[in-house]
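A structural walkthrough
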Amino acid sequence: MTPVIEAHELSRSFGESGTEVVAVNRVSLSIGAGELLMLMGPSGSGKTTLLAMLGCILKPSSGHISVLGKDVSALSPREIAGLRGETIGFVFQGFNLLSALSAWENVALVGDFLSRRPQNICSRAVEILTKIGLGHRIHHLPENLSAGEKQRVALARALINSPKIILADEPTANLDAENRDMVVGLLRKFAEEQNVSVVIATHDERIQRVADRIVRIEDGHLSDDRKDRPPGLP
């Protein structure tokens, strides 16, 4: 697989000398195009911090990261924001939908901020929502959507600018079994059909079956559990 993200000796600390906490400790990781990598670990293990660094949201204390061959440390803040907006889609545990906007407006709003062709955003938002089974819910406000529907709207929002990478932080934490399987199935589908690299940070062992590779993190350190995916999975 062609590396889409390469991280070398990434570390991130919080606090000052004497009270310093090392959240991520000298992590090296490579993620290929179309790969679904699962970053597994308990609460407080450092997985969200690592995900934020991979997504160019949080600057490492030390180490280097490249995205699509670009050394992020060599870029200006404006260039980093542009790379993040054009390349990476984010999915959050808490959905982060705007309550006053309908499903399609929540999706289109992000695309309108980032796209060079805003005139196409509205139709694209509706198209994506329809493809993931929400064509009949596009005008509903978040308060009228189930948790599973909200997370699918969040997935559509992550896809609006055709990213090369999707980073999902505990995307199934608030979902029942049916919606959990639907969401991870969609992420698997994006990886396979659109060659999108997907990284899921989770503590949920029940969804690991969809992963191409599982990386475990604890106390800021990684261990890599490679495995072959059984055939026939969604």
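Description of the structure in this document. (Residues numbered from 1 in each chain as written. Predicted model: local features only at pLDDT ≥ 70, side-chain atom pairs only at ≥ 80, totals over all residues. Heavy atoms only, no water.)

**Examining the overall build of the chain**
We count it as follows: Where helices and strands are cited, they refer to DSSP runs of H or I of at least four residues and of E of at least two residues respectively, numbered from the N terminus. It is over C-alpha atoms that the radius of gyration is taken, and the globule rule equals 2.2 Å times the number of residues to the power 0.38. In this scheme, a residue with accessible area under 20% of its type's maximum is buried, one over 50% is exposed, and one in between is partly exposed, where area comes from a 1.4 Å probe on protein chains only. Between two residues, a contact is recorded if the distance between any of their heavy atoms is within 4.5 Å. Think of it this way: Lys and Arg go in the positive column, Asp and Glu in the negative one, and His and the chain ends go nowhere. Charged groups are reduced to one reference atom each: NZ for lysine, CZ for arginine, CG for aspartic acid, CD for glutamic acid.
For the chain, the helix and strand inventory stands at six helices and 10 strands. Relative to the 2.2 N^0.38 estimate, which gives 17 Å for 234 residues, the radius of gyration of the chain is 18 Å and therefore close to what a compact globule would have. C-alpha extents for the chain along the principal axes are approximately 50 × 40 × 35 Å. Looking at the chain as a whole, 48% of its 234 residues are labelled buried. Residue pairs in contact within the chain that sit at least 24 positions apart in sequence constitute 71% of those at least 6 positions apart. One way to put it: in the chain the 26 positive side-chain charges average out to a point 4 Å from where the 28 negative ones average out.

**Focus: the packing of aromatic side chains**
For clarity, the threshold we go by: Any two rings among Phe, Tyr and Trp, with Trp reduced to its six-membered ring, count as a pair given centres within 6.5 Å; such a pair is stacked if its planes are under 30 degrees apart, edge-to-face if over 60, and tilted if neither.
Inspection of every chain in the model, using the stated rule, returns one aromatic pair. Note on Phe90 and Phe92: the rings are 6.2 Å apart at their centroids and 10° apart in plane angle, and the pair reads as stacked. Classification of Phe90 by relative accessible area gives buried; the value is 18%.

**Quick word on the nonpolar core**
Short version of the rule: Residues grouped as a nonpolar core are buried Ala, Val, Leu, Ile, Met, Phe, Trp, Tyr and Cys residues, joined through side-chain atoms within 4.5 Å.
Counting 40 residues, the largest nonpolar core has Leu36, Met38 and Leu187 as its most contacted members. Looking at this core, the elements that each hand over two or more residues are β3 (36-40), α3 (103-114), α4 (121-131), α5 (147-159), β7 (165-169), α6 (177-194) and β8 (197-202). Listed in part, the 28 residues of the second largest apolar core include Leu37, Leu54, Ile88 and Val215.

**Re the packing of α4 against α5**
To keep it simple, the criterion reads: To get an axis, a line is fitted to the C-alpha atoms, and for a helix only the part in contact is used. The angle between two axes follows their N-to-C directions and goes from 0 to 180 degrees. Note on angle classes: values under 35 degrees are labelled roughly parallel, values over 145 roughly antiparallel, values of 65 to 115 roughly perpendicular, and the remainder oblique. Should the near helix be turned counterclockwise from the far one by less than a right angle, the crossing is left-handed, whereas a clockwise turn marks it as right-handed. Put simply, Ala, Val, Leu, Ile, Met, Phe, Trp, Tyr, Cys and Pro go in the nonpolar bin, Asp, Glu, Lys and Arg in the charged bin, and everything else, Gly too, in the polar bin.
Two elements in contact, α4 and α5, have axes whose closest approach is 9 Å; the angle formed by their N-to-C orientations is 135°. Relative to α5, the element α4 is oriented oblique. Considering the relative orientation of α4 and α5, their crossing is right-handed. Between α4 and α5, the contacting residues are Arg124, Ile128 and Leu129 on the first element and Val153, Ala156 and Leu159 on the second. Classifying every residue of the contact of α4 with α5 by side-chain character gives five nonpolar, no polar and one charged.

**Structural notes on the pattern of salt bridges**
Rules: A pair is scored as a salt bridge if a Lys or Arg side-chain nitrogen falls within 4 Å of a carboxyl oxygen belonging to Asp or Glu.
The full count for this structure, using the stated rule, is 11 salt bridges. In this structure, the salt-bridge partner of Arg26 is Glu9, at a minimum N-O distance of 2.7 Å. Of this pair, Arg26 sits in strand β2 (residues 21-32) while Glu9 sits in strand β1 (residues 3-14), and the two are 17 residues apart along the sequence. Look at Arg26 and you get exposed, because its relative accessible area is 59%. On the accessibility criterion, Glu9 (26% relative accessible area) is partly exposed. Between Asp181 and Arg209 there is a salt bridge; the shortest N-O distance is 3.0 Å. Here the residue Asp181 occupies a position in helix α6, and Arg209 occupies one in the loop between β8 and β9 (213-218), the gap between them amounting to 28 residues. Judged by relative accessible area, Asp181 falls into the partly exposed class, the value being 31%. Judged by its relative accessible area of 28%, Arg209 falls in the partly exposed class. Each of Arg180, Asp181 and Arg209 takes part in one network of salt bridges that share partners.

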